[in-house]
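Given next are the chains, with one letter for each unit.
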Amino acid sequence: MDELTNTQLDRRESALGDLDEGGNPLVSFAKSRNGGEYDPSKFMSVKEVWVNQQMDQRSSEFTDYKPLRFMFGTWNVNGKMPESLDGWLRTDQPPPDLYAIGIWWHDEDVWALVLGDTTRSHPWVEAIMLSLSKVADYHMLVTKQLVGILLVICVRQEHVPHIRSMQTAAASVGIMGIMGNKGGVAARFMFYDSSICILNSHLNAHYDRVQRRNQDYKDIISKLLVQNDLDIFDHDHVVWIGDLNYRIEGLDAVVRKKIREGDLAYLFERDQLRMQMARRLAFEEFNEGVINFAPTYKYDPGTDVYDSSEKKRTPAWCDRVMWRGRNMKQINYLRHELLASDHRPVSATFEIQVKSVNAEKRNSAYQEIVKKLDKLENECMPDATVSSNNVTFNNVRYMVPSEQTIELENTGKVVVRFRFIPKLNQKKFSKPWLDVRPPFGMVIPGEKMKIKLSVLINNSWAPDFNLGREKLEDILILHLEKGKDYFISISGSYIQSCFGSTLEHLVCFPGPVASSPAGPPTATDRLSIPKELWRIVDYIYRKGMDERGLFSQSGIQSEMEQLRELLDYGRSFDEYTGSIHSVAEILFRFLESLAEPIIPFALYKQALESSASYNQCKQLLSYLPVVNYNVFYYLMAFLREVLQHGDKNKLQADKLALLFSSVLVRSPNPRNVSEGSQEKKREFVYQFLSSKEKLKVP
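Keep in mind that what you see is a predicted model, and the values were worked out from it rather than measured. Note on numbering: residues in each chain are counted from 1, in written sequence order. The predicted origin of the model limits local features to residues at a pLDDT of at least 70 and limits the giving and counting of side-chain atom pairs to 80 or more, whereas totals for whole chains, interfaces and linings rest on all residues. Excluding hydrogens and water, the side-chain values take into account all heavy atoms of the structure.

S.K.: Which parts of the structure should I look at to understand the packing of aromatic side chains?
M.R.: Aromatic ring pairs: the centre-centre distance and the angle between the two ring planes describe each pair. Each Phe, Tyr or Trp ring, with Trp reduced to its six-membered ring, pairs with another whose centre is within 6.5 Å; inter-plane angles below 30 degrees give stacked pairs, above 60 give edge-to-face pairs, and intermediate values give tilted ones. Applying the stated rule across the entire model yields 36 aromatic pairs. With 5.7 Å between their ring centres and 75° between their planes, phenylalanine 72 and phenylalanine 350 make a pair best called edge-to-face. Taken together, the positions of phenylalanine 72 in strand E1 (residues 63–76) and phenylalanine 350 in strand E11 (residues 346–357) put the pair 278 residues apart, joining distant regions of the chain. Classification of residues uses two cut-offs on accessible area relative to the type maximum, computed with a 1.4 Å probe and protein chains only: under 20% is buried, over 50% is exposed, and between them is partly exposed. Given the relative accessible area of 1%, phenylalanine 72 is considered buried. Two conditions define a charge located above a ring, namely a distance within 6 Å from the ring centre to NZ of Lys or CZ of Arg, and an angle within 35 degrees of the ring normal. Above the ring of tyrosine 246, the side-chain terminus of arginine 213 is found at 5.3 Å from the ring centroid. Positioned over the ring face of tyrosine 299 is arginine 344, at 3.8 Å from the centre of the ring. Starting at the N terminus, helices and strands are each numbered in turn, a helix being any DSSP run of H or I of at least four residues and a strand any DSSP run of E of at least two.

See below:
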């Protein structure tokens, strides 16, 4: 380690990756729990991690800055095709060194939502490049699209050699995370020696959906967490653009009057986004420039008139540019008078001090740090103490993270390098439901390090706990390099849940699952379907059949947690006062969590093969276990009734089939589902929703 190489620098910069799993364009940058994975190559970098931290502290010794101009633009184009964008993107100011343009359009085409059709972005990319060609010589750096959310980043040609480590990602927060009508796309890269992350998003609409927008923000952040724990905030500069959809609190007539009077300060005090930031409920980590322009939504397209339709939407600043980072100076924050959409485009220009590292000075500092570390390491044997060797997790619940912390203190005279190691004849150092952060590290003499232990029982592990095959028990081995081992005992209790179970198991519980004895149920009288499924469907049937957006809008996490608790403990739904959309999504979550889907894995291939024929699909049902057939019959009858209310809820059979096929007909290998298989799954369910013949009553 005599010199800090470009390879080592790139290793620090390349933790973000375009991680679309199995070709699925809707979720990437997914944070993977280490699951106790033992990777010796990672442990060899403990010294390097510590040295990098010291280098960061001394970065001013070898870093210079150059001012570059960045322009960020966002526009909800309302499904319109592009005309000239010059009035938005051309500028009389010095040409920006980088443009980042966010576009959003509404797209409810079934296959665009699931398969990520990108053809509609082509005219917009061409229109953007045409306008920029009139400003300077720009190179299109990257485009990233999630259905109707598009991010285009262009850079002046002379800067292209100084761009590296470009990666992109997308995260859907639509219903079940499979409908890409809401969510965000992101790109990260190194610009000279500064790390940049740019996001474009579209959050939930409507005046009263503030809590859902706040959750969209958190969901996008969590889904864009990346390997090696690098998230969007682990960059020098982060800019978040898009139709964030926050509204202005107040009566429509009052808001319009204040706009006419130019009293923007009055409106800004009632802006939902600013209120959520002040309460630290969303975007609290970000800054925003002063808004000196009228609300950009909602206009009668082609006019300067705010919405005059029957709905008469209250004007709002839906379209925003949020930012965080040091050495960022906002030059302007503007709206532009392009009239085609019901939104006005917005732009913000920044001067950003981009880092440029002096390699010779950097290597000199690096060598000094390494020499100091080598001297400390060679003096004597390491010694440390662990704050506790017994860690208990009580009353762990399904999908509710539980955390405990232990502390490792270096009580010796030399650097302690530690790592968790597997037990004899095992490849992983912990059970898959237990997460350890950090799994390795370095502690200087006299210092302490907190180690976070987290338990999460998700769909992968819940069946083993619910069926009594697994217990919250494990032993961790914390190993000191050139020193001794410490044994840490993990124990706890798990509360049974109706989520992450099997149909055969659930129909044996006449009472609440959570308060039943652990292990296999002893009831002899079996239910025809799980009572929890009946309760969910019954609630939707009574209170949500006419709800527009049913099964299309996402639920709210806190409400879904409450619903899970009501179901597990058998408490009345009278306690629930939340959104019907949370109940609709909990139905999906329940079906998704089943260890074996309604159409068993063993019949998956036959289901695809029979999808073109109703008679063959119906014949396949004869091979289902009794409880599976009962549930399938019950759900199809319910969904057909939902479609009878289509004039109000606006649901159609093809979209409903697409949504429910994702949980009723699941592949044994979900990472390898082709577009053709997706279509056949949808067609299988569609046969039963569209057929005039009703299924035989169980």
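After presenting the structure, the write-up continues.
S.K.: What is the right way to look at the sheet that holds strand E18 (residues 448–455) in this model?
M.R.: Backbone hydrogen bonds hold the strands of a sheet together, and the pairing may be parallel or antiparallel. Reading across from one edge, E12-E14-E18-E16 is the order of the four strands in this open sheet, with antiparallel pairing throughout. Taken across any chain shown, the strands that pair with only one partner, and hence form the sheet edges, are strand E12 (384–386) and strand E16 (434–437). Across this sheet, the average inter-strand angle for adjacent strands is 20°, counted without regard to direction. If DSSP finds at least two bridges between two strands, the strands pair. Bridging between E16 and E18 involves four bridges; their strand directions are antiparallel. Following the sheet pairing, valine 436 is matched in E18 by leucine 453. Only the stretch in contact is used when a helix axis is fitted, and all axes are lines through C-alpha atoms; the angle between N-to-C directions ranges over 0 to 180 degrees.

S.K.: What is the right way to read the pairing of E18 from this model?
M.R.: Consecutive residues of a regular strand have side chains that alternate between opposite faces of the sheet. Summarising the sheet, strand E14 (residues 402–410) and E18 pair through eight bridges and their orientation is antiparallel. Looking at E18, one finds that isoleucine 406 is bridged to isoleucine 451.

S.K.: Before we go on, may I ask you to explain the environment of isoleucine 540 in this structure?
M.R.: Tracing the backbone through its elements, the reader meets isoleucine 540 in helix H14 (residues 531–543). Accessibility expressed as a relative area gives 0% for isoleucine 540, which makes it buried. The spatial distance from the C-alpha of isoleucine 540 to the C-alpha of phenylalanine 638 is 9.7 Å, given a sequence separation of 98 residues. Two residues qualify as a contact provided that any one of their heavy atoms is within 4.5 Å of a heavy atom in the partner residue. Excluding anything up to four places from it in sequence, isoleucine 540 contacts Met545, Leu550, Phe551, Ile580, Val583, Ala584, Leu587 and Phe638.

S.K.: Quick question: what am I supposed to make of the side chain of asparagine 214 here?
M.R.: Take asparagine 214: it is sitting in helix H7 (residues 210–223). Note on asparagine 214: relative accessible area 7%, which makes it buried. Each residue touching asparagine 214, except ones within four places of it in the same chain, is listed here: Tyr246, Gln276, Leu281 and Ala282.

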